Amino acid sequence: MIFLEFVKDLYYTVGRKEGAALERNMMTELVKWRNLRADRMPLVLYGVRQVGKTWLLQEFGDRYFKNSLYVNFERMTAVAAFFEGELQPDRLLRLLEEYFGQKIIADETLLIFDEIQACERALTSLKYFCEEAPEYHIAAAGSLLGVAVNRERYSFPVGKVMLKTLYPLGFDEFLCALGQTHLTALIREHFASMEEMPLPVHQELLQWYQRYLLVGGMPAAVNQYLARESLINVPEVQSMILNSYTADMAKYSDAGESTKIRNAFYSMPAQLAKENRKFQYKLIRKGATAGLFGDSIAWLVFSGVVLECCRVGQAELPLTAFRDVSAFKLYLSDVGLLAAFTGIMPENIVRGELSDTYRGALAENYVAQALKTNGYQLFYWTSDSPSYEVDFVIQKEGHILPIKVKSGENTQAKSLNYFQKRYAPQRLIRLSEKNFGSEGGLRAVPLYAAFCI
C-alpha cells in the first residue's frame, strides 16, 4: 500500500505548508457544531476515501481547541480493544487518558475517532456519549461507513449523532485554493442579479472551469497542481486514488462480490460515453442483470465512490415518491477522477479533440457533484412520447427546479420548453458556457456558477 501512503503524505505535507492549506466550506459547519450547547451530539463526518476528512478534523482541532486527541481504529488495535468492554463514557475517557498520557477536558479537547467503521463498538459508544456525556466534543470519521452500516452486524446510533458528508472541493473552493477568492464572490453576485459577467472575466472563469474538469476536487490532486502549477503530474495522483478505491473493494467485500464491484466500477467510462447516460448492465459484461450486480452498485453508492441519480416519471412533489428504481445514472464522486479514469489529457481539451458526447459527460458529472455537495438528492426526468429528458430535477425551497446541462454554447433545449408547458415550474435553469442572462422563468447560468444553485 505504498501508493496510498504517498498520496496521504502529499496531502499532509503540501496542505500543511504556510499559505497552502485548503480552506473547506465544511469548516463553517464544524464551528457551528462546536458552539452548540444543550443539544450537541457526537459528529460523524462521512465521505469517500482521500477526500480530506482526517486533515479537516485535525485542522479543526488545531484552530478551535486547546488540544485534540486522535484515534485511528484501523491502526490502533490496542485502543480499539478498550471498546470491547463496557461503554460507559467515564471508563472510556479514563482509558484514553491513560493510554495517550493526555488529559481530556470538556470544551477544550477535541476527540477524533478516525476510520470508525473499523470498530463497531466505538460506533455504538457514540450513543452513550450523546446521552451521558454531551459536554465532550467527539468527531468521528469513516471512509466506508456507508458500507459498514448497511451490513447486518452494525447498529448505527440513529438520532444520537450529527451526520455530515464531506465531498471533494467544489469549484468555489478550488478557486479559493488558487488565491482567486474574489472570483467566487463575483460569481455569487452575478448569479443573484443575473447580470452578464464582464466578458474578459467570463472567459477567464471558463478557462478555470476547464482546468477544474481535469484537476477535480480531491485534495491530493489539488495540492499537486498547486505545488507544481502544472497539470502534468495530476493524473498520476488521481490514478493512485482510483487504485485505493479498487483496493478497498477487495478489502471490504468477499472475493466474489469484489470482482463484481470492480467490474461495475470499470464500466463507468462506457456508461457515460453514451448519449443516453442511463446505467446499462449489459455494459458491465454480457448477460449482466440487476439481480447479479444490484448489490455491487449499492456498494459503490454507499461507499461514496459514485453518485446515484434516479429517474422520475413525474416532476411533482415529493420527487422521491415518483422515483423509478429500475432507471438511474451513476456519476463518479469527482469529475477530475473521471477525467483520469478515461485517460483524458489536458491537450485533448485544449486542442478540442474531445468528443461532444464526452464533453457533455464531464459537464454532467461536474454538475452532479456540485448539486450533491449542496445537499440535493439527484433525480432526472424523461418523458415517453415525445421523448425528452431533463438532466437534473431537484427540490429547492418547496419547489421543483429543472436543470439542463449543455457542455458548450449550443443552448437549444426543447426538453426544457416541453417541461415548462407540462409542469409550469416557477423557474428553469440552463447551464452552459454562455454568460448569465434571464428570459421569463428561464435562467441562463454559466457552468462555472453551478455551485450557486
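Residues numbered from 1 in each chain as written. Predicted model: local features only at pLDDT ≥ 70, side-chain atom pairs only at ≥ 80, totals over all residues. Heavy atoms only, no water.

1. Some details on the overall build of the chain
- Each helix and strand counted, the chain has 19 helices and 14 strands in total.
- On C-alpha atoms alone, the chain measures out to a radius of gyration of 23 Å, which is about the 22 Å that the 2.2 N^0.38 rule sets for 453 residues.
- Seen along its three principal axes, the alpha-carbon backbone of the chain occupies a region of about 65 × 50 × 45 Å.
- Buried residues in the chain amount to 55% of all 453 residues.
- Intrachain contacts of the chain at a sequence separation of at least 6 include 71% that bridge at least 24 residues. (Helix = DSSP H or I, 4+ residues; strand = E, 2+ residues; numbered from the N terminus. Rg over C-alpha atoms; globule rule 2.2 N^0.38 Å. Buried < 20%, exposed > 50% of the residue type's maximum accessible area, 1.4 Å probe, protein only. Contact = heavy atoms within 4.5 Å.)

2. Focus: the packing of aromatic side chains
- Across all of its chains, the model carries 27 aromatic pairs by this definition.
- With 5.4 Å between their ring centres and 80 degrees between their planes, Phe-73 and Phe-83 make a pair best called edge-to-face. Within this pair, whereas Phe-73 is found in the loop between strand S2 (67-72) and helix H4 (77-80), its partner Phe-83 is found in the loop between H4 and helix H5 (89-100), the two being separated by ten residues in sequence. Comparing Phe-73 with Phe-83 shows no difference in burial state: the two are buried.
- Ring centres of Trp-381 and Tyr-418 lie 6.2 Å apart, and the angle between their planes is 25 degrees; on these two criteria the pair is classed as stacked. Highlighted residues: Trp-381 in strand S8 (residues 379-383) and Tyr-418 in helix H19 (residues 414-423), separated in sequence by 37 residues. (Phe/Tyr/Trp six-rings, centres within 6.5 Å; stacked < 30°, edge-to-face > 60°.)

3. Overview of unusual backbone geometry
- In this structure, the amide linkage connecting Leu-317 to the following residue, Pro-318, adopts the cis form with an omega of -10 degrees.
- Among the structural elements, Pro-318 can be located in the loop between strand S6 (306-312) and strand S7 (323-332).
- Following Ser-385, the chain continues into Pro-386 via a peptide bond in cis, with omega recorded as 0 degrees.
- Mapped onto the elements, Pro-386 comes out in the loop between S8 and strand S9 (388-390).
- Within the chain, Met-194 stands out as a residue other than glycine whose phi angle is a positive 60 degrees.

4. As for the pattern of salt bridges
- For the structure on display, the rule yields 23 salt bridges.
- Here the salt bridges share partners, and the residues they tie into one network are Arg-277, Lys-329, Glu-364 and Glu-389. (Salt bridge = Lys/Arg side-chain N within 4 Å of Asp/Glu carboxyl O.)

5. Concerning the sheet that holds strand S13 (residues 437-439)
- Overall, mixed pairing links the five strands, which are arranged S10-S11-S12-S14-S13 in an open sheet. Every other strand in the sheet has two partners, leaving strand S10 (392-396) and S13 as the edge strands with one partner each. Each strand axis lies, on average, 25 degrees off the axis of its neighbour in the sheet, ignoring direction.
- Packing of helix H18 (residues 356-373) onto the sheet brings it into contact with S10, strand S11 (399-405) and strand S12 (428-432), and relative to S10 it is tilted by some 15 degrees. (Pairing = 2+ DSSP bridges. Axes fitted to C-alpha atoms, helices over the stretch in contact; angles between N-to-C directions.)

6. Re the nonpolar core
- Phe-171, Ile-187, Tyr-366, Leu-431 and Tyr-448 are the most contacted members of the largest nonpolar core, which has 126 residues in total.
- If near-sequence neighbours (up to four positions away) are discounted, Ile-187 is found in contact with Phe-171, Leu-175, Met-197, Leu-205, Phe-436, Tyr-448, Ala-449, Phe-451 and Cys-452.
- Counting residues in each nonpolar core, the second largest holds 29 residues, with Tyr-46, Leu-95, Cys-119 and Phe-129 among its members. (Core = buried A, V, L, I, M, F, W, Y, C linked by side-chain atoms within 4.5 Å.)

7. A closer look at empty space enclosed by the protein
- Tallied over the full model, the rule gives two cavities of 30 Å³ or more.
- What the largest cavity holds in volume is close to 60 Å³.
- Lining the largest cavity are Leu-214, Leu-231, Val-234, Pro-235, Gln-238, Ala-339, Ala-340, Ile-344 and Pro-346.
- Elements that contribute at least two residues to the lining of the largest cavity include exactly helix H12 (234-251) and helix H16 (335-341).
- Examining the composition of the lining of the largest cavity, we find that three residues originate from one element, H12, more than from any other.
- Roughly 40 Å³ of internal volume is contained in the second largest cavity.
- What lines the second largest cavity is Val-48, Arg-49, Ser-143, Leu-144, Tyr-245, Asp-248, Trp-299, Ser-303 and Val-305.
- In terms of residue class, the lining of the second largest cavity is built from five nonpolar, two polar and two charged. (1 Å grid on protein atoms, 1.4 Å probe; cavity = no way out; pocket = protein on both sides within 12 Å on 5 of 7 lines; lining within 4 Å. Points joined across faces, edges and corners; volume = space filled by probe spheres on them. Nonpolar A, V, L, I, M, F, W, Y, C, P; charged D, E, K, R; others polar.)

8. Quick look at helix H3 (residues 53-64)
- With twelve residues, H3 extends 16 Å between its outermost C-alpha atoms, agreeing within 8% with the 16 Å of an ideal straight helix rising 1.5 Å per residue.
- Turning to H3, its buried residues are Lys-53, Thr-54, Trp-55, Leu-56, Leu-57, Glu-59, Phe-60 and Gly-61. (Expected span 1.5 Å × (residues − 1).)

9. Focus on the pairing of S6
- In terms of burial, S6 is largely enclosed, as six of its seven residues are buried.
- Where S6 meets S7, seven bridges bridge the pair, whose relative direction is antiparallel. Considered in S7, the bridge of Arg-311 is made with Asp-324.
- As judged from the three bridges shared by S6 and S8, these two strands associate in the parallel manner. Bridging from a neighbouring strand, Arg-311 pairs with Tyr-380 of S8.

10. With respect to H19
- Regarding H19, the residues found buried are Ser-415, Leu-416, Phe-419 and Tyr-423. For H19, the angular spread of buried residues about the axis comes to 95 degrees, placing them on one side. With respect to the buried face of H19, the exposed residues turned more than 90 degrees away are Lys-414 and Lys-421.
- Contacts made by the buried residues of H19 are with S8, S9, S10, S11, S12 and strand S14 (442-446).
- Positive phi shows up at Ala-424, right after H19, with a value of about 50 degrees. (Arc of directions from axis to C-beta.)

11. Description of the packing of helix H10 (residues 199-215) against H18
- Viewed as axis vectors pointing N to C, H10 and H18 meet at an angle of 85 degrees, and their least axial separation amounts to 11 Å. With respect to their mutual orientation, H10 and H18 come out roughly perpendicular. Contacts between H10 and H18 involve Tyr-209, Tyr-212 and Leu-213 from the former and Leu-362, Ala-363, Tyr-366 and Gln-369 from the latter.
- By residue class, the composition of the contact of H10 with H18 is six nonpolar, one polar and no charged. (Parallel < 35°, antiparallel > 145°, perpendicular 65-115°, else oblique.)

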